[in-house]
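Structure at a glance
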Amino acid sequence: SRCRMTRLGFLIARLTGDEAALERLSDSSANLLAELAGKRGALIGNARSLAGTEYGAAIDAAALVIRINRAPMPSPLSHGRRTDWLGLATSLPGDTPLRPSRYLWMSPKRKRLSYRVAMSPGFYLHPLADIAALQQQVQAPPTTGLMLIALLAQSKARDIQLYGFDFFASLSLSGRRTAAQTPHDFSTEQGYVEALIAREDYQGHILKSL
């Protein structure tokens, strides 16, 4: 079960890298994934190409809508309106309009984690071992999107629909960096996801990238 922690205790745990203390703040992955069982989920990436689409209504029709980091949403027509879970690897501005029911901290950089996020209902801290294992598979630091895909693929969701994932072909709505200016290997990540889609389709758990 999750524990509460004073702000000072949290800051000390974060500063000293007390992973065990931080883990006690987290809901379990079993509880997290159980919320998806039998449901249709939508995972929204931040590719610029999504802004030119009209997927918003389909996104909002999903049982669970999961977005990433600061989740830019230039238009409800393309991006929808709902955010049920937010997968994070960065801080959020204080005036963010996002009010997810769960924050999922996916980054190994625990010092970026805020007290507000860590104390929020349904908070989930992605295990360092899982991050390291995925990094070993793709031979580069995995993106937040890839970590979420790998996590959600473990669920018993009816299907997970991917929107806004073009593996940096159109760059990102959340910044101006090129692929070469990031530490990620988008080509390898694309191959990983394509292989996962093929495997999961065979098992009836569908992942498609739109």
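Below: a short report on this structure. Note that the coordinates shown come from a computational prediction; the quantities given were computed from them, not determined experimentally.

A tally of helices and strands in the protein chain yields 9 helices and 7 strands. On C-alpha atoms alone, the protein chain measures out to a radius of gyration of 17 Å, which is about the 17 Å that the 2.2 N^0.38 rule sets for 210 residues. Structurally, the protein chain occupies a C-alpha span of about 45 × 35 × 35 Å along its principal axes. The proportion of buried residues among the 210 residues of the protein chain is 48%. Residue pairs in contact within the protein chain that sit at least 24 positions apart in sequence constitute 54% of those at least 6 positions apart. Counting only carbon and sulfur atoms, one obtains 53% of the accessible surface of the protein chain, whose full area is about 10,400 Å².

Tracing the backbone through its elements, the reader meets S26 in the loop between α2 (19-23) and α3 (29-34). The buried category is assigned to S26, whose relative accessible area is 14%. Engagement of the side chain of S26 in a polar contact is seen with the backbone nitrogen of L125, the distance being 2.9 Å. Setting aside its immediate chain neighbours within four residues, S26 contacts R2, F123, Y124 and L125.

Let's shift gears to the environment of L162. Here L162 shows up in strand β6 (residues 159-163). Taking the C-alpha atoms as reference points, L162 and A42, 120 residues apart in sequence, are found 6.0 Å from one another.

This part is about the side chain of T53. By the secondary structure assignment, T53 is in the loop between β1 (40-44) and α4 (56-60). In this structure the side chain of T53 is engaged in a polar contact, spanning 2.7 Å, whose partner is the backbone oxygen of L50. Beyond its immediate sequence surroundings of up to four residues, T53 is in contact with L77 and S78.

Moving on, we come to the pairing of β6. Across a regular strand the side chains alternate sides, sitting on one face of the sheet and then on the other. Buried residues dominate β6, accounting for 5 of its 5 residues. Every second residue of β6 is oriented toward a common face, with D159, Q161 and Y163 on one face and I160 and L162 on the other, all of them buried. Bridge count between β1 and β6: 5 bridges; the pairing is parallel. The residue of β6 that forms the bridge with A42 is Q161.

Our focus in this paragraph is helix α7 (residues 128-138). Among the residues of α7, I131, L134 and V138 are the ones counted as buried. Around the axis of α7, the buried residues are gathered within 70° of arc, so they sit on the same side. Seen from the open side of α7, the exposed residues pointing more than 90 degrees away from its buried face are A129 and Q136. Following α7 by one or two positions, Q139 has its phi on the positive side, about 60°.

Next up on the list: the nonpolar core. As a rule of thumb, soluble globular proteins bury nonpolar side chains together. In this structure, L43, W85 and L104 are the most contacted members of the largest nonpolar core, which totals 32 residues. Those elements giving two or more residues to this core turn out to be α3, β2 (64-68), α7, α8 (144-152), β6 and α9 (186-203). Of all the elements, α8 adds the most residues to this core, at 7 residues. Apart from the residues within four sequence positions on either side, W85 is in contact with L32, E35, L36, L64, V65, I66, R67, P100, S101, R102, L104 and L152. If you look at the next biggest cluster of nonpolar residues, it comprises 20 residues, including A13, A21, L25 and Y103.

What follows covers the pattern of salt bridges. Enumeration according to the criterion identifies 5 salt bridges in this entry. Where R110 meets E19, a salt bridge forms, and the shortest distance between an N and an O atom there is 2.7 Å. In this pair, R110 sits in the loop between β4 (102-105) and α6 (115-118) while E19 sits in helix α2, placing the two residues 91 residues apart along the sequence. The class for E19 is buried, based on a relative accessible area of 16%.

Calculation rules
- Residues numbered from 1 in each chain as written.
- Predicted model: local features only at pLDDT ≥ 70, side-chain atom pairs only at ≥ 80, totals over all residues.
- Heavy atoms only, no water.
- Helix = DSSP H or I, 4+ residues; strand = E, 2+ residues; numbered from the N terminus.
- Rg over C-alpha atoms; globule rule 2.2 N^0.38 Å.
- Buried < 20%, exposed > 50% of the residue type's maximum accessible area, 1.4 Å probe, protein only.
- Contact = heavy atoms within 4.5 Å.
- Areas by Shrake-Rupley, 256 points an atom, 1.4 Å probe, with all protein chains shown as cover.
- Polar contact = N/O pair within 3.5 Å; in protein donor to acceptor, adjacent residues only side chain to side chain.
- Pairing = 2+ DSSP bridges.
- Arc of directions from axis to C-beta.
- Core = buried A, V, L, I, M, F, W, Y, C linked by side-chain atoms within 4.5 Å.
- Salt bridge = Lys/Arg side-chain N within 4 Å of Asp/Glu carboxyl O.

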